[in-house]
Amino acid sequence: MSGKFKRSICGVACVAAIGMPPAKGQEVAIDTVKLSKTVIAETNAYRVSKGLTALQTDRALQLAAAAYATFLAKSEGVGHTADGQTPAKRVSAQGYKFCFVAENMWGGWRRPKPMTVDEAAKKAMEDWKKSPGHNANLLDKRGRQIGIGAAAWTQGDKVVLRIVQVFGDVCHAKPQVVHLEKGAPAKKSAN
């Protein structure tokens, strides 16, 4: 390929590399805090431009996204089940009790150095918006919270970068109403 940059995005038709052992390489330091803030800001600006509410950052979603991004970068993995788990299982493992969960992942690589945080965030957002499935996740009304993870890893003569975006909404227990009857103890019942 003539360009310095190769990229791939994964949708429903991705082939998962379940059980693939992590590749040998080293982690490449990137400013994950800046990248996360940039992707969240761009995601929220996009949602608001379409009349939707902005998403709030959630720690459990951040942890799930970060761990999966690291796995993907380290193993050159792609897809939503490359580690043998689903997005739902990954967020549940972080203690997130969801009623809704969706995930976008983006991957790219460059020789010999990774792209900048700003370049990666911009390219990921452009690609997600162009992909019907990923765009649907960006604009899903059920999403209330977001977590972003990113990691870069050396693989031979290239640096592999992965960004994972997880959307969710937590389930809230149905409130209980206490009925008081004259002269009787309180009874609890669900509405």
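Here, every reference points to the structure presented above.
Each value, and the rule that gives it
Residues numbered from 1 in each chain as written. Predicted model: local features only at pLDDT ≥ 70, side-chain atom pairs only at ≥ 80, totals over all residues. Heavy atoms only, no water. Helix = DSSP H or I, 4+ residues; strand = E, 2+ residues; numbered from the N terminus. Areas by Shrake-Rupley, 256 points an atom, 1.4 Å probe, with all protein chains shown as cover. Salt bridge = Lys/Arg side-chain N within 4 Å of Asp/Glu carboxyl O. Expected span 1.5 Å × (residues − 1). Buried < 20%, exposed > 50% of the residue type's maximum accessible area, 1.4 Å probe, protein only. Contact = heavy atoms within 4.5 Å. Pairing = 2+ DSSP bridges. Core = buried A, V, L, I, M, F, W, Y, C linked by side-chain atoms within 4.5 Å.

Caption draft 1: Representation of the overall build of the chain. The helix and strand inventory of the chain stands at five helices and eight strands. When the helices and strands of the chain are placed in sequence order, the string is β-β-α-β-α-α-β-α-α-β-β-β-β. Of the accessible surface of the chain, which amounts to about 10,500 Å², a share of 55% is contributed by carbon and sulfur atoms.

Caption draft 2: Spotlight on the pattern of salt bridges. This structure, assessed with the given rule, holds six salt bridges. Measuring nitrogen to oxygen at the nearest pair gives 3.9 Å for the salt bridge that ties Glu126 to Lys123. Of this pair, Glu126 and Lys123 both sit in helix 4 (residues 117-130), separated by three residues, roughly a single helical turn. As a salt-bridge pair, Lys123 and Asp127 come within 3.6 Å of each other at their nearest N and O atoms.

Caption draft 3: Structural view of helix 1 (residues 32-49). Here helix 1 contains 18 residues, and its C-alpha end-to-end distance of 25 Å stays within 8% of the 26 Å for a straight helix at 1.5 Å per residue. For helix 1, the set of buried residues is Leu35, Ser36, Thr38, Val39, Ile40, Thr43, Asn44, Tyr46 and Arg47. On its buried face, helix 1 is in contact with strand 3 (56-57), helix 2 (59-75), helix 4, helix 5 (132-138), strand 5 (145-155) and strand 6 (158-170). A positive phi of about 80° marks Gly51, the residue just after helix 1.

Caption draft 4: Representation of the pairing of strand 5. Strand 5 sits mainly inside the fold: ten of its eleven residues count as buried. Taken together, the two bridges between strand 2 (residues 27-28) and strand 5 define a ladder with antiparallel strand orientation. Bridging from a neighbouring strand, Glu27 pairs with Trp153 of strand 5. Direction of pairing for strand 3 relative to strand 5: parallel, over a ladder of two bridges. Looking at strand 5, one finds that Thr57 is bridged to Ile146. Bridge analysis of strand 5 against strand 6 gives eleven bridges, and the strand direction is antiparallel. Counted as the bridge partner of Ile148 is Gln165 from strand 6. Following strand 5, the chain reverses through two residues before pairing antiparallel with strand 6; Gly156 in that reversal takes a positive phi of roughly 65°.

Caption draft 5: Up close: the nonpolar core. Counting 25 residues, the largest nonpolar core has Leu35, Trp106, Trp128 and Ile163 as the members making the most contacts within it. Mapped onto this core, the elements with two or more residues apiece are helix 1, strand 4 (98-110), helix 4, strand 5 and strand 6. Sorting elements by how many residues they give to this core places helix 4 first, with six residues. Ala60, Leu61, Ala64 and Leu72 belong to the second-largest nonpolar core, a separate cluster that totals 15 residues.

Caption draft 6: Quick peek at the environment of Lys123. Classification of Lys123 as buried rests on a relative accessible area of 17%. As a C-alpha pair, Lys123 and Gly107 span 16 residues in sequence and 9.7 Å in three-dimensional space.

Caption draft 7: Focus on the environment of Asp58. Among the secondary structure elements, Asp58 is positioned in the loop between strand 3 and helix 2. Judged by relative accessible area, which is 17%, Asp58 ranks as buried. Between the C-alpha atoms of Asp58 and Phe167, which are 109 residues apart in sequence, the distance is 9.3 Å. Setting aside residues no more than four positions away along its own chain, Asp58 makes contact with Tyr96, Gln145 and Ile146.

So yeah, pure geometry; function would need other evidence.
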